[in-house]
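One letter stands for each residue in the lines below.
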Amino acid sequence: QVQLVESGGDLVQPGGSLRLSCAASGTSNIFSHFAMGWYRQAPDSEREMVALITPISSTNYADSVKGRFTISIDAAKNTVYLEMNSLTPEDTAVYYCNAAFYGPTSLHYWGRGTQVTVSS
């Protein structure tokens, strides 16, 4: 069973930066088998994909965060990061870490989320 624990959410001023972390455990070589992603959900809104990275290191970003957010992996630490820059109030949301296996049976694992609030 894959377990994901997010951390790093905080209150930050507009224009500021923040780095979220997602510690993964429960299976060996997780990043060789799972695509890792960050999703977010603002109040009264649908959960949306923010950034994805695949086992072959291809990435995909939501248009709203391209050029501002960067997803990366530290395999030695079994940790996925989301570096967020030039934050705006529209980035305020609960951010969730996701691990996905796309096969005959698709598997998705989620962390419990970490709150990011962008406000002065």
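Here, the structure is the one placed above.
So, here's what we can say about the structure. Starting afresh in each chain, residues are numbered from 1 along the sequence in its written order. Local features are withheld for residues below a pLDDT of 70 in this predicted model, meaning they are given only at 70 or higher, and side-chain atom pairs are given and counted only at 80 or more; totals for whole chains, interfaces and linings count all residues. Note: side-chain values were computed over all heavy atoms of the structure, leaving out hydrogens and water.

**Digging into the state of the cysteines**
Each disulfide consists of one covalent bond between the sulfur atoms belonging to two cysteines.
Piece 1. Note on terminology: pairs of cysteine sulfur atoms within 2.5 Å are recorded as disulfides. Applying the stated criterion across every chain yields a total of one disulfide.
Piece 2. Between the sulfur atoms of cysteine 22 and its disulfide partner cysteine 97 the distance amounts to 2.0 Å. Disulfide cysteine 22-cysteine 97: torsion about the S-S bond near -80 degrees, hence left-handed. Of the two residues, cysteine 22 is situated in strand S3 (residues 18-25) and cysteine 97 in strand S9 (residues 93-101); the sequence distance between them amounts to 75 residues. Grouping residues by exposure puts cysteine 22 and cysteine 97 together as buried. Only runs of H or I of at least four residues qualify as helices and only runs of E of at least two qualify as strands under DSSP, and these elements are numbered from the N terminus. To sort residues, take the accessible area from a 1.4 Å probe on protein chains only and compare it with the maximum for the residue type: under 20% means buried, over 50% means exposed, and anything in between is partly exposed.

**Regarding the pattern of salt bridges**
Piece 1. Salt-bridge detection follows one rule: a side-chain nitrogen of Lys or Arg within 4 Å of a carboxyl oxygen of Asp or Glu. Tallied over the full model, the rule gives four salt bridges.
Piece 2. Where lysine 66 meets aspartate 63, a salt bridge forms, and the shortest distance between an N and an O atom there is 3.2 Å.
Piece 3. Here aspartate 91 makes a salt bridge to arginine 68, at a shortest N to O gap of 2.9 Å. A residue pair is termed long-range when its members are at least 10 positions apart, and aspartate 91 in the loop between strand S8 (79-84) and S9 and arginine 68 in the loop between strand S6 (59-61) and strand S7 (69-74) qualify at 23 residues.

**A few points about the side chain of arginine 68**
Piece 1. Residue arginine 68 is classed as buried on the basis of its relative accessible area, which comes to 17%.
Piece 2. Polar contact criterion, stated in full: a pair of N or O atoms within 3.5 Å, where within protein one must be able to donate a hydrogen and the other to accept it, and residues adjacent in sequence count only if both atoms are side-chain atoms. Within the local environment of arginine 68, its side chain forms a polar contact with the backbone oxygen of serine 64, the two atoms lying 2.9 Å apart.
Piece 3. Within the structure, the side chain of arginine 68 is placed 3.0 Å from the backbone oxygen of serine 86, a separation counted as a polar contact.
Piece 4. Any two residues having at least one pair of non-hydrogen atoms within 4.5 Å are treated as being in contact. Apart from the residues lying within four places of it in its own chain, the contact partners of arginine 68 are Glu83, Met84, Asn85, Ser86, Leu87, Thr88 and Asp91.

**Let's talk about the side chain of asparagine 98**
Piece 1. Tracing the chain through its elements places asparagine 98 in strand S9.
Piece 2. Residues within four places of asparagine 98 in sequence aside, it is in contact with Leu4, Ala35, Met36, Gly37, Tyr39, His108, Tyr109 and Trp110.

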